[in-house]
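Observations on the model geometry
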Amino acid sequence: MVVRVSSHRNVRILLVGDRGVGKTSLILSLVSEEFPEDVPHKAEEITIPADVTPEMVPTNIVDYSAVEQTDLQLTEQLQRAHVVCLVYSVADDDTLMRVTTYWLPYIREALSHSRRPPVILVGNKVDLVEYSTVDAACDIMEEFPEVESFVECSAKTLKNISEMFYYAQKAVLHPTGPIYISDRQDLTDECKKALTRIFKVCDMDNDGLLNDVELNSFQKRCFDTPLRPEAMEDVKVVLRKNISGGVSPNNCITLTGFLFLHCLFMQRGRSHTTWTVLRKFGYNENLHMSKEFLFPPIRVPNGCSTELNHKGQQFFTAVFERFDKDKDGALSPFEQESLFSMCPAPPWGSDIKDIVPTNHQGWVTLHGFICFWMLTTLHDLPTTLEYLAYLGYPISDDENQLSAITVTREKRVDLLKRQSTRTVYECHVLGAVTVGKSMLCRSHIGQYLEDVPDWEIQGVTQCTINMVHVYGQEKYLVLKDIDLPNKDAVLHPADVACDVVCLVYDGTNPQSFEYIANVFTKYYQESKVPVMVVCTKADKPQVRQDFTIQPADFCEMHKLSPPHAFTASRDSSAELFVKLATMSAFPHLRDLSILSNESIVWKAGLGIAFVAAIGMIVARLIKPASR
């Protein structure tokens, strides 16, 4: 990703003013570096290549002539211009007067319904007088805030010609208006808000200060070069001289000092310095983080999914530990608010405790924090990319948030390889209403019947995520509750597609199995998606199901493992979730009956298969050697 200096791919400068003030001469003097003796009514449009401009942006310079152009053509040119150079002659008071009586009102009227470009006030022909019109220019700038800067020059002696066009470029690429209020000599509120967020992102130890290491890291990120120790001390000396509280007692820069430095840059005409900082952290001309910065393009082929990789997990872990001030492994409400103060809003609501593991107070733990981002990356990748940017993921010309994301291989390849390389698996939990799907999902994050009141789960679609171990490897299993309102329910394709299906019936309700039997026959009998049948409320007396075939026989007939007996009480184990994750990791197991309720038999079967596979590999390696 390339973080552009500005959203402008070129700068279009329009020169306007009364006849005879020297507009055309200024353009020709800039191009030829000498004063033209024969001046036409109007210069042709000139394009200056990027490599010869200070800001490395192509620049188009457009002349205006009242002799050759109509008011309608002038209005069209004003609408196309990025910046307007309004020229008057310092040797002719009438042209100066018409700046306020005619030209600025005309520009306002012509652009009343569109974006109004900045205006550079240009006093030409200083070679003819020995006085300055700076006082009059300041009065004009005060009355017309669109006038961004003022320069006096001479087309004849070439004085300040380059500066005039540089100011025009600068007004477009580094505009003062959005970030600084000249009257108050202070940064705008929007600019302060953006810089405050940048300060927090760079405050890696979260102590409210920028130490020398953090300041150097900030300097490298923004300007690609470290700050020399002498220069760093010079900055602190300037702060101590000019503002109270700019430097802390332990010689670190405070937020007050950081903001003052940027105010000082503006006062010294260095708006480009502040804009460089803002743009390196993703801000556009409106001081909003740009879509290009927040959402780098990524292609996810059909059949693939997205996961947070190890680098992404490391980043979110570091962010969590940074704001977990009391080191208790959970985010208190205050710590959570502090963490997401760098973002427009928290990425989750009050229901987060019903989605990921939390502590006994309902506060998100580190494990729950990583689980949330694993879930979000799977279901809502743009939000993960957005918050990586908000929270300060290192984004530069060479790297962006996509380095924290892995696009998995297609599922059909997993089936061919008979093993999945994914880290996050999605299980759809299907069954009739009231069979216990919600509590099955809740128990996945450590919540049980004893903990959850009935009113809290009634009518609420559950989606939970937790980590499980599959043969020593950490996998994340997402359980998504999908209701079947009737036994002939029609499922949306998105409800059918997943890594593994958990078909749930209530062992105490004789009508419940028919629901999932119909779903299996209709959607999964010919599918390659692994299927697990689960009997809930297994701790209560079981009843015979009102169906043509009983659950155990149904599973045997369709080569499914026997129904897994499950209860959502505190005494239940996590074996069901390990089975579901294992079936996702080895999707070919859907056609085998080795996943019985006896965990030892189940694991032993896979262990034997694993040893046999290793044996075959070794045999193939030895065979060529023996030849």
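Conventions used here
- Residues take numbers from 1 onward in each chain, read along the sequence in its written order.
- Since the coordinates come from a predicted model, pLDDT governs what is reported: local features require at least 70, and pairs of side-chain atoms require 80 or more to be given and counted, while whole-chain, interface and lining totals use all residues.
- Side-chain figures throughout are based on the complete set of non-hydrogen atoms in the structure, without hydrogens or water.
- Elements are defined by DSSP. Helices are runs of H or I of four residues or more, strands are runs of E of two residues or more, and each kind is numbered from the N terminus.
- Computation of the radius of gyration draws on C-alpha atoms alone. For the globule rule, the value is 2.2 Å times the number of residues to the power 0.38.
- Per-residue accessibility, obtained with a 1.4 Å probe over protein chains only, is compared with the maximum for each type, and a residue is labelled buried under 20%, exposed over 50%, and partly exposed between these values.
- Any two residues whose heavy atoms approach within 4.5 Å are treated as being in contact.
- The Shrake-Rupley method, run with a 1.4 Å probe, gives the accessible areas here. Residue values count only the displayed protein chains as cover.
- Positive charges come from Lys and Arg, negative ones from Asp and Glu, while His and the chain ends are left out of the count.
- Note on charges: their place is set at NZ of Lys, CZ of Arg, CG of Asp or CD of Glu.
- Basic side-chain nitrogens of Lys or Arg form a salt bridge, by our definition, when they fall within 4 Å of a carboxyl oxygen of Asp or Glu.
- One bridge is not enough; two strands pair if DSSP finds at least two bridges between them.
- Each axis is a line fitted through C-alpha atoms, taken for helices only over the stretch in contact, and angles between the N-to-C directions span 0 to 180 degrees.
- For this analysis, a nonpolar core means a set of buried residues of the types Ala, Val, Leu, Ile, Met, Phe, Trp, Tyr and Cys, connected via side-chain atoms within 4.5 Å.
- Aromatic rings from Phe, Tyr and Trp, with only the six-membered ring used for Trp, were paired whenever their centres fell within 6.5 Å, and each pair was classed as stacked if the ring planes differed by under 30 degrees, edge-to-face if by over 60, and tilted otherwise.
- Under the convention used throughout, the expected extent of a helix is 1.5 Å for every residue step, that is, one less than its residue count.
- UniProt positions are given in the numbering used here, feature names are shortened, and annotations may be inferred rather than shown by experiment.
- Nonpolar side chains (Val, Leu, Ile, Met, Phe, Trp, Tyr) within 5 Å and like charges within 9 Å form the patches, drawn only from residues with over 30% relative accessible area and no salt bridge.
- Any two cysteine sulfur atoms lying within 2.5 Å of each other are counted as a disulfide.

**Focus: the overall build of the chain**
- Across its full length, the chain holds 23 helices and 18 strands.
- Relative to its length of 627 residues, the chain is extended, with a C-alpha radius of gyration of 34 Å against a globular reference of 25 Å.
- Along the first, second and third principal axes, the C-alpha atoms of the chain reach 105 × 70 × 60 Å.
- When the 627 residues of the chain are sorted by exposure, 51% land in the buried category.
- At a minimum sequence separation of 6, the contacts of the chain that also span at least 24 residues come to 71%.
- Counting only carbon and sulfur atoms, one obtains 54% of the accessible surface of the chain, whose full area is about 30,200 Å².
- Separation of charge centres in the chain, based on 61 positive and 80 negative side chains, amounts to 7 Å.

**As for the pattern of salt bridges**
- Taken as a whole, this structure holds 20 salt bridges when the rule is applied.
- Among the salt bridges present, the one from Asp-414 reaches Arg-409, with a minimum N-O distance of 2.5 Å.
- By relative accessible area, Asp-414 is classed as buried at 4%.
- The exposure class of Arg-409 is partly exposed, given its relative accessible area of 27%.
- Its salt-bridge partner being Asp-499, residue Lys-411 comes within 3.2 Å of it at the nearest N-O pair. In this pair, Lys-411 is assigned in helix H16 (residues 411-417) and Asp-499 in the loop between helix H19 (493-496) and strand S16 (500-506), connecting sequence segments 88 residues apart.

**Details of the pairing of strand S13 (residues 424-432)**
- Counted residue by residue, S13 has nine buried out of nine residues, so it is predominantly covered.
- As judged from the four bridges shared by S13 and S16, these two strands associate in the parallel manner. The residue bridging Cys-427 from the neighbouring strand is Val-500, located in S16.

**Details of the sheet that holds strand S14 (residues 463-470)**
- Reading across from one edge, S14-S15-S13-S16-S17-S18 is the order of the six strands in this open sheet, with mixed pairing throughout. The open sheet terminates on both sides in strands that have one partner only, identified here as S14 and strand S18 (564-565).
- Across nine bridges, the pairing between S13 and strand S15 (residues 473-484) is parallel. Across the sheet, residue Gly-431 finds its bridge partner in S15, namely Asp-483.
- Running at roughly 110° to S14, helix H14 (residues 366-379) makes contact with S13, S14 and S15 of the sheet.

**A word on the nonpolar core**
- In this structure, Leu-195, Ile-198, Phe-218, Leu-278, Phe-281, Phe-316 and Phe-369 are the most contacted members of the largest nonpolar core, which totals 75 residues.
- Counting residues per element, this core draws most heavily on H14, at eight residues.
- Leu-195 has contacts with Leu-187, Phe-258, Leu-259, His-262, Val-277 and Leu-278, leaving out every residue within four places of it along the chain.

**A word on the packing of aromatic side chains**
- For the coordinates displayed, the defined rule picks out 27 aromatic pairs.
- For the ring pair Phe-315 and Tyr-393, a centre distance of 5.2 Å and an interplane angle of 75° mean the geometry is edge-to-face. Placement of Phe-315 in helix H12 (residues 310-323) and of Tyr-393 in the loop between helix H15 (381-390) and strand S12 (405-407) is noted, with a sequence separation of 78 residues between them.
- Classification of Phe-315 as buried rests on a relative accessible area of 13%.
- By relative accessible area, Tyr-393 is classed as buried at 1%.
- Where Phe-340 meets Trp-348, the ring centres are 5.2 Å apart and the plane angle is 90°; that geometry is what we call edge-to-face.

**As for unusual backbone geometry**
- Positive phi, normally seen in glycine, also occurs at Thr-434, with a value near 75°.
- Here Thr-434 lies in the loop between S13 and helix H17 (437-443).
- Residues other than glycine seldom take positive phi values, yet Tyr-471 does so here, at roughly 50°.

**With respect to helix H20 (residues 512-524)**
- With 13 residues, H20 extends 18 Å between its outermost C-alpha atoms, agreeing within 8% with the 18 Å of an ideal straight helix rising 1.5 Å per residue.
- Buried within H20 we find Ser-512, Phe-513, Glu-514, Tyr-515, Ile-516, Ala-517, Val-519, Phe-520, Tyr-523 and Tyr-524.
- Among the structural elements, S13, S15, H19, S16, strand S17 (531-536) and helix H21 (551-557) are those in contact with the buried residues of H20.

**Details of the sheet that holds strand S5 (residues 119-124)**
- Judged by pairing direction, the sheet is mixed, and its six strands sit side by side in the order S2-S3-S1-S4-S5-S6 without closing on themselves. Edge positions in the sheet fall to strand S2 (46-48) and strand S6 (147-152), since each has one partner strand and no second. Recorded for the sheet is a direction-independent mean angle of 20° between the axes of neighbouring strands.
- Strand direction decides the pairing type here: S2 and strand S3 (residues 59-62), joined by three bridges, are antiparallel. Directly across from Ile-48, in S3, lies its bridge partner Thr-59.
- This element, helix H5 (residues 161-173), spans strand S1 (11-17), S3, strand S4 (83-89), S5 and S6 of the sheet and lies at about 125° to S1.

**Quick word on the UniProt feature "domain: EF-hand" (unreviewed entry) in the chain**
- Feature annotation in UniProt places "domain: EF-hand" (unreviewed entry) on residues 311-346, given in this structure's numbering.
- In residues 311-346, the share of helix is 56% and the share of strand is 0%. The end C-alpha atoms are 22 Å apart.

**Description of a nonpolar patch on the surface**
- Among the surface-exposed residues, Ile-298, Val-300 and Val-407 lie close enough to one another that they form a single nonpolar patch of about 180 Å² accessible area.
- With respect to the helices and strands, Val-407 occurs in strand S12.
- When its relative accessible area of 33% is taken as the criterion, Val-407 is described as partly exposed.

**Here's the deal with the state of the cysteines**
- Taken as a whole and judged by the stated rule, the model has zero disulfides.
- For the unlinked cysteine Cys-441, the closest cysteine sulfur is that of Cys-463, found at 7.7 Å.
- A residue is classified by how much of its surface remains accessible, and Cys-441, at 0% relative accessible area, is buried.
- Cysteine Cys-502 remains unbridged, with the sulfur of Cys-427 as its closest cysteine sulfur at 5.0 Å.
- The buried category is assigned to Cys-502, whose relative accessible area is 0%.

**So, the pairing of S1**
- Burial analysis of S1 places seven of its seven residues in the buried class, which makes it a mostly covered element.
- Burial along S1 is two-sided: the face carrying Val-11, Ile-13, Leu-15 and Gly-17 and the face carrying Arg-12, Leu-14 and Val-16 are both buried.
- Direction of pairing for S1 relative to S4: parallel, over a ladder of five bridges. Opposite Leu-14, over in S4, you have Val-84 as the bridge partner.

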